[in-house]
Amino acid sequence: MDVAEQIASGLASTGEVDGSQFLTFLLAGEEYGVDILRVQEIKGWNAVTPIPNTPEYIRGVINLRGTIVPIVDLRRRFGLEPMEYGPMTVVIVLKVMREDKSRVMGIVVDAVSDVYNVQDESLKPAPDFGSVVNVDFVQGLATVDETMVIILDIDHLLNSGELAVMDSAIEHK
Amino acid sequence: MSIDMEQFKATFIEESLEGLDIMEAVLLEMQPGMADAEEVDNIFRAAHSIKGGSATFGFSDISNFTHVVETLLDQVRAGEREVTQEAINLFLSSVDCIRDMLAGAQEGFEINLEQVAEVKAGLDRMLGSAPQAAVPAEIEPEATDGSPAAGGWKIVFKPFPDMLRSGNDVVRLFRELADMGEMIPKVELEGLPALVDMEPEEACLSWEVTLNGSIGREQVDEVFEWVDGDCELSITPLGDEKAPEDMPADKLSTAVEASPAPLQAAPLVENRRSNNDRRQGDRRKNRSSSENSSIRVGIDKVDALINLVGELVITQSMLGQLGEDFSMDKVERLKDGLAELERNTRELQENVMSIRMLPISFAFNRFPRMVHDLCGKLEKKIELKMSGEQTELDKTVMEKIGDPLVHLVRNAVDHGIETPEIRIKAGKSETGTVHLNAYHQGGNILIEISDDGAGLNRDRILAKAIERGLANNGDNLSDAEIFDFLFQPGFSTADVVSDVSGRGVGMDVVKRNITALGGAIDVESRSGNGSTFTIRLPLTLAILDGQLVRVGEQTFIIPLVSIIESLQVESSRVNAIAGSAELYKLRDDYLPIIRLYDAFGLKPDSASLEDGLLVVVEGHGQQAGLLVDDLLAQQQVVIKSLETNFKKVGGISGATILGDGTVALIVDIGGIIELSQNGRKCANSAAA
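Report on the accompanying structure.

1. Details of the overall build of chain A
Inference 1: The helix and strand tally for chain A stands at four helices and eleven strands.
Inference 2: Long-range contacts, defined as pairs at least 24 residues apart, comprise 55% of the intrachain contacts of chain A with a sequence gap of at least 6.
Inference 3: When the accessible surface of chain A is summed, it comes to about 8700 Å², and 52% of that surface belongs to carbon and sulfur atoms.

Right, dumping it as structure tokens:
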């Protein structure tokens, strides 16, 4: 999909015309942002129950008030050096949309940073790095106080690869 | 066997009302000339379900009416008829009619037959205009006919004094008459006693009514059906001044028993708010958001819950008080309080669970009657066997599985079982058998519908699939692939469209409903020996008796039903084939050993077989020994789906939350045996 289109649809879903709010977090020194309306809650890191035969970046599942929520380590997802989980390590619980269904997932990040208002026009599409870096997960780049914030397209990110729900899996069962 | 049809009738009506809401919503969105196949399919399915259900419960009016609607829709679906605005309007008014008829069936008041007749006439008209579809002969527009008198009717109506006590309301009768045409009532005051002698509950008046308009005799009879026997009644055609003809006494139909008249008191004037208004109100209420699913819970269960919650609150405040100034001498009271709390919590849990779980007999019980009726209709001899009726199933799952089961049983009876002559020719007993069976297996509920009929005709299905362009002539297809065509929308190999089945709706609905529940359906069939449909449903919210086992630092749950026994490994009984596949000699059997830590990629306490325990399990008809580090407690666990927020994981059927709040995974025995048979291949592809 065209990046501009994604931005447009992302903004349409927030229902705001003049910019959206993003929650930002730190990951290996970079600041990333996610649409704040998708954030369900922020909680500290707790032990998870690993799921067998899944990739390393899926840390496992936790019990979030009776719901089984999978936890994804974003560092490992991006192929970054994994970090020891410490007191600053937080899990951001997000609502991920796929078609018309929503799922709840958690992402492990280094630390939560801030909440920014970003005007639509200051959200720039990520440059195409060709095959070197996959920018599909990037909704756009925003500049706040001279620093770059990478706005993530979480629906795309958390429905890709091993996280994709295979409808066929049910049929084969 | 006596079955209380009343409870199922309520279910049917509610389901039908939901179906009507869907039909209405889709119809309202439909644009003339641009019928979306999906939309038409949706309406068609809803109509089909209503027809089937109403026939089952003996509401022949509704099923006849819906059949006409369905036939029209079928033409639209097949692309033979364009959707005009007129057609949409007609369908919408049909929806209203069906809803009125349902409401009538539910509450026992009479419905506005004129409106129904009018819509039906419209439908018939549209059907009559080319293309002519196959309308089964038994569908006669009986309500519209019945010698309409050109001029109208003269009705002399003299209620017996105690007529009002039986719940009849004269006002209602007149209102209905007035709906039919121009009504000129004339009151006879002769019987009116003096005011002091008047009994308020007695009917003292009588009427002479002139009804103008082209109205069928039956319609008029229908209005007075309820008061038959409670009054003197004569109905004569206008301008025909012959001696008044007495109303035949046998007019009182058996429908009266099925739907008792509402016990209205007899306030004559105040009750002006017409039934129509009220229904319109209900309708509006029903219309809101057809997406919302609901479960029906008896008020007594809710009351019981409220009681329990009340007790819980009392216990909690008692403990709270105790905690405010606690001293060691109050330890006994604290213990008592905690025991109380535990009891309350457990009762609360049991009650909440009991709301959702019901034995599958609720879904099965409607079949004996259905099969019986179908047998009569189709002139077949069929015995219905049922087993595993006590298998518990989540209530919402049960509700959704009801319709698919009806379709499957209907198909088995209609297409599966042959007629007695053919059966005798084929060397089988005259009486066919349809077997319904339900059981738990490896975290699933399996429902089997099998018949000993002719089985599926593989070649015919294939031919039909090729004809419909679903398969190519040269394709080399397996039986399973061919049988899968049955689940395509509109696929039917039946030669004749009957009232029972053969329209090719059904199977796709069945599959859709089952996959919506996260389940699957399999077909097995051997020509001449019948077919078996197996529905596999996950236990989305079922409870499971589980054995907690420990592997390394992880706790897993093995469903207790799968466990045959647990034992310590004697190394002398272990054999290894080709150095890798390990077998354990248990009595006379050799069991494959599955090292759970290996299958799940974990670090065990010890890799030595002697240090662990072997849990002998059975799944998918195969036995295996699972090597675990330790056996922990046995407990009931609530199954939580992994798929809600994640996806299906091989060898895991779900998850649950343990007492300490952590998540434990439930082992899918069938899955893990399969996983180990496929060796690392499966695990590798999952990790890729």
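2. Some remarks on empty space enclosed by the protein
Residues and elements named next belong to chain A.
Inference 1: Counting across every chain of the model gives five cavities of 30 Å³ or more.
Inference 2: Around the second largest cavity sit Leu27, Asp73, Arg75, Met83, Glu84, Tyr85, Thr89, Val108, Val109 and Asp110, which together line it.
Inference 3: For the lining of the second largest cavity, a count of residues per class yields five nonpolar, one polar and four charged.

3. Focus on a nonpolar patch on the surface
Inference 1: Together, Val187, Leu189, Leu192, Leu195 and Met198 of chain B give the surface a local cluster of nonpolar side chains, amounting to about 480 Å² of exposed area.
Inference 2: Tracing the chain through its elements places Val187 of chain B in strand β2 (residues 182–188).

4. Here's the deal with unusual backbone geometry
All names here are of chain A.
Inference 1: We note that Ala28 has phi near 50°; this positive angle belongs to a residue other than glycine.
Inference 2: Residue classification places Ala28 among the partly exposed residues on the basis of a relative accessible area of 39%.
Inference 3: With a phi close to 70°, Glu146 is a non-glycine residue in the positive phi region.
Inference 4: When its relative accessible area of 77% is taken as the criterion, Glu146 is described as exposed.

5. So, the sheet that holds strand β16 (residues 581–586) of chain B
All names here are of chain B.
Inference 1: Strand order in the open sheet made by the six strands is β14-β18-β19-β17-β16-β15, with mixed pairing throughout. The outermost strands of the open sheet, each flanked by one partner alone, are β14 (563–568) and β15 (574–577). For this sheet, the mean angle separating the axes of adjacent strands, direction not counted, is 35°.
Inference 2: For β14 and strand β18 (residues 613–619), the ladder comprises five bridges, and the chain directions are antiparallel. Across the sheet, residue Gln568 finds its bridge partner in β18, namely Leu613.

How each quantity is defined
- Residues numbered from 1 in each chain as written.
- Chains lettered and ligands numbered in written order.
- Predicted model: local features only at pLDDT ≥ 70, side-chain atom pairs only at ≥ 80, totals over all residues.
- Heavy atoms only, no water.
- Helix = DSSP H or I, 4+ residues; strand = E, 2+ residues; numbered from the N terminus.
- Contact = heavy atoms within 4.5 Å.
- Areas by Shrake-Rupley, 256 points an atom, 1.4 Å probe, with all protein chains shown as cover.
- 1 Å grid on protein atoms, 1.4 Å probe; cavity = no way out; pocket = protein on both sides within 12 Å on 5 of 7 lines; lining within 4 Å.
- Points joined across faces, edges and corners; volume = space filled by probe spheres on them.
- Nonpolar A, V, L, I, M, F, W, Y, C, P; charged D, E, K, R; others polar.
- Patch = residues over 30% accessible without salt bridge, like charges linked within 9 Å, V, L, I, M, F, W, Y side chains within 5 Å.
- Salt bridge = Lys/Arg side-chain N within 4 Å of Asp/Glu carboxyl O.
- Buried < 20%, exposed > 50% of the residue type's maximum accessible area, 1.4 Å probe, protein only.
- Pairing = 2+ DSSP bridges.
- Axes fitted to C-alpha atoms, helices over the stretch in contact; angles between N-to-C directions.

As far as function goes, none of this settles anything; it's purely spatial.
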